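Chains, contacts and geometry: an overview
As a plain string of letters, each chain reads:
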Amino acid sequence: MRPAHVCLAVLVAAVWGVNFVVIEVGLDHFPPLLFSALRFLVAALPAVFFVGRPKVAWKWLVGVGLVLGVAKFGLLFIGMDAGMPAGLSSLVLQSQAVFTALFAFVALGERPGRVRVTGMVIALAGIAVAAVDEGETGPLTAFALLIGAAACWGVSNVLTRKASPSDALNFMVWVSTVPVLPLLGLSLLWEGPSRDLEALRSLDWQGAGIIVYVAWITTVFGFGAWGYLLRRHPASTVAPYSLLVPVFGMSGAALVLGESVSALRWCAAALLVGGVALTSFSKGGGVSRSGTRGVTGSHGPGRGVEPAAAPARTTASRTPSTASRPSPPR
């Protein structure tokens with residue numbers, strides 16, 4: 001790639017990595033489900049009026065919107081609100097590449113080769129190490145929610161493969177219209193109207209800036225720039241830059257939020273990132289039962305995909321209560 005495109009790829013990875021820190025701060029302003037709903041609302045509007053009509057069938061938009069927008073991001077935001085650290089969250093979500101490969105085998109008949117299977121085993125070892133580390137310092141329930149979010153992301157990757165959108169930005173903007181009402185409904189039921197109204201009434205400039213970042217910077221700019229790079233370079237050239245996301249996520253959380261990174265967590269990071277690299281970028285992709293080649297890479301950033309200095313937080317809960325073109329978490 002040209003130096004300018006390399007810089008753009010690194011910038012997108014940084015935006016997506018820092019997004020975890022922004023979300024961590026945002027959860028001090030909004031209940032998790034309301035926060036996720038506002039993120040998709042602002043990502044969809046007014047962009048939906050400028051990207052043109054949907055270029056895939058509505059069944060795929062609804063399917064991906066519910067699995068990615070409601071299930072994946074709902075679990076992600078609730079898990080972080082329950083005490084999952086931002087840096088570790090950016091790392092654990094990378095396990096979506098393993099789930100994508102597994103679900104692609106079941107649903108699409110793509111049999112992973114030996115290198116990809118080896119990568120999956122290494123990545124799973126990294127998850128186990130991360131679980132041990134989190135078990136020593138924080139709630140395993142929150143960790144399990146993040147694993148569930150990664151699994152939902154894997155399902156959405158397979159659905160996105162079936163949809164085969166020709167325009168990633170158009171697809172993500174229209175997908176963002178789907179989760180808004182379900183997330184708002186779940187927020188009213190789970191978090192309560194009084195808590196939601198209190199968060200909206202106390203909205204300040206920092207809260208508004210957080211929503212703008214996770215919606216427009218992470219989603220509209222991030223996916224738009226990533227799609228621009230994928231239209232001009234092979235996916236195998238662009239996709240490895242997504243592995244920088246947990247690097248920026250963990251370092252950003254350490255610098256801004258004061259999160260410590262233990263030796264065990266660095267070990268988990270090395271295993272998980274290395275395993276994901278083998279799983280996502282092994283030469284030739286998976287082989288389907290029909291004998292055709294396929295790629296089981298990941299799709300989409302972390303938190304849509306998704307920071308100012310803040311004191312370190314404890315891990316306790318705040319309240320009682322594709323696609324064939326790989327890319328990271330929102």
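Let me sum up the structure you'll find in this document. (Residues numbered from 1 in each chain as written. Predicted model: local features only at pLDDT ≥ 70, side-chain atom pairs only at ≥ 80, totals over all residues. Heavy atoms only, no water.)

Considerations on the overall build of the protein chain
The cut-off we apply is this: Secondary structure follows DSSP: runs of H or I at least 4 residues long count as helices, runs of E at least 2 residues long count as strands, and numbering of each begins at the N terminus. Summary of the burial criterion: residues with accessible area below 20% of their type's maximum are buried, those above 50% are exposed, and those between are partly exposed, where the area comes from a 1.4 Å probe applied to protein chains only. Only the protein chains shown count as cover for residues, and the accessible areas themselves come from Shrake-Rupley with a 1.4 Å probe.
Tallying secondary structure elements over the protein chain gives 14 helices and 3 strands in all. In the protein chain, buried positions account for 54% of the 330 residues. When the accessible surface of the protein chain is summed, it comes to about 13,200 Å², and 70% of that surface belongs to carbon and sulfur atoms.

Some remarks on helix α13 (residues 245–256)
Note the following rule: To estimate how far a helix should reach, multiply one less than its number of residues by 1.5 Å. The arc in question is the one spanned by the directions pointing from the helix axis to the C-beta atoms.
When the terminal C-alpha atoms of α13 are compared, their 16 Å separation across 12 residues agrees well with the 16 Å that a helix rising 1.5 Å per residue should span. Inspection of α13 places Val245, Pro246, Gly249, Met250, Gly252 and Ala253 among the buried residues, and these make up the whole buried set. Around the axis of α13, the buried residues are gathered within 165° of arc, so they sit on the same side. Backbone geometry just after α13 places Gly258 at a positive phi near 75°.

Digging into unusual backbone geometry
The residue after Leu45, namely Pro46, is reached through a cis peptide bond having omega 5°. By the element assignment, Pro46 lies in the loop between α2 (32–44) and α3 (58–81).

Quick look at the nonpolar core
Spelled out, the test is: Among the buried residues, those of types Ala, Val, Leu, Ile, Met, Phe, Trp, Tyr and Cys that are joined through side-chain atoms within 4.5 Å form a nonpolar core.
Membership of the largest hydrophobic core comes to 86 residues, with the highest contact counts inside it found for Phe35, Leu76, Leu93 and Phe143. Among the elements that take part in this core, helix α1 (residues 3–26) stands out by supplying 11 residues, more than any other.

As for the packing of aromatic side chains
Stated precisely, the cut-off is as follows: Centre distance within 6.5 Å is the pairing criterion for rings of Phe, Tyr and Trp, where only the six-membered ring of Trp is used; planes under 30 degrees apart are then read as stacked, over 60 as edge-to-face, and the remainder as tilted.
Under the criterion given, the structure shown has 8 aromatic pairs. Taken together, a centroid distance of 5.2 Å and an interplanar angle of 55° make the contact between Trp16 and Trp226 tilted. With Trp16 in helix α1 and Trp226 in helix α11 (residues 205–232), this residue pair connects regions lying 210 residues apart in the sequence. Taken individually, Trp16 and Trp226 each receive the classification buried, so the pair is uniform in this respect. Judged by centre distance (6.1 Å) and plane angle (25°), the rings of Phe99 and Phe103 are stacked.

Overview of the environment of Asp196
Position of Asp196 relative to the elements: it lies in helix α10 (residues 193–201). With 161 residues separating them along the chain, Asp196 and Phe35 place their C-alpha atoms 9.4 Å apart.

Focus: the pattern of salt bridges
Any two side chains of opposite charge can pair, given that their charged atoms come close. Stated formally: A side-chain nitrogen of Lys or Arg and a carboxyl oxygen of Asp or Glu constitute a salt bridge if their distance falls within 4 Å.
Inspection of every chain in the model, using the stated rule, returns 1 salt bridge. Measuring nitrogen to oxygen at the nearest pair gives 3.4 Å for the salt bridge that ties Lys55 to Asp167. Within this pair, whereas Lys55 is found in the loop between α2 and α3, its partner Asp167 is found in the loop between α7 (140–163) and α8 (168–176), the two being separated by 112 residues in sequence.

Details of the environment of Phe20
Residue position: Phe20 is located in helix α1. In sequence terms Phe20 and Phe77 are 57 residues apart; their C-alpha atoms lie 9.9 Å from each other.

A look at the packing of α1 against α11
Put simply, the test is: Only C-alpha atoms enter the line fits that serve as axes; for helices the fit covers just the stretch in contact. Angles between N-to-C directions range over 0 to 180 degrees. Roughly parallel here means an angle under 35 degrees, roughly antiparallel means over 145, roughly perpendicular means 65 to 115, and every remaining angle is called oblique. In this scheme, a crossing is called left-handed if the near helix is turned counterclockwise away from the far one by less than a right angle; it is called right-handed if the turn is clockwise. Charged means Asp, Glu, Lys or Arg here, nonpolar means Ala, Val, Leu, Ile, Met, Phe, Trp, Tyr, Cys or Pro, and polar covers whatever is left, Gly included.
Contact geometry of α1 with α11 gives a least axis separation of 9 Å together with a crossing angle of 155°. By the angle between their directions, the pair α1 and α11 is classed as roughly antiparallel. The element α1 and its partner α11 pack so that their crossing is left-handed. For the contact of α1 with α11, the residue count by class is 20 nonpolar, 6 polar and 1 charged.

Details of the packing of α2 against α11
As a reminder of what qualifies: Whether two residues touch is decided by their heavy atoms; if any such pair falls within 4.5 Å, the residues are in contact.
The interhelical angle for the contact between α2 and α11, taken along N-to-C directions, is 55°, at an axis separation of 8 Å. Of the possible angle classes, the one that applies to α2 and α11 is oblique. Handedness of the crossing formed by α2 with α11: right-handed. In contact with Phe35, Leu38, Arg39, Val42 and Ala43 of α2, α11 contributes Ile210, Ile211, Val214, Ala215, Trp216, Thr219 and Val220. Across the contact of α2 with α11, the residue classes break down as 10 nonpolar, 1 polar and 1 charged.

Observations regarding helix α9 (residues 180–190)
For an α-helix, 3.6 residues make a turn, and residues three or four places apart therefore share a direction. Within α9 the residues assigned to the buried category are Val180, Leu183 and Ser187. Down the axis of α9, the buried set is contained in an arc of 70°. They therefore lie on one face. Away from its buried face, by an angle of more than 90 degrees, α9 presents the exposed residues Leu181 and Leu189. Where α9 is buried, its residues touch α2, α3, α8 and α10. One or two positions beyond α9, positive phi appears at Gly192, with a value near 90°.

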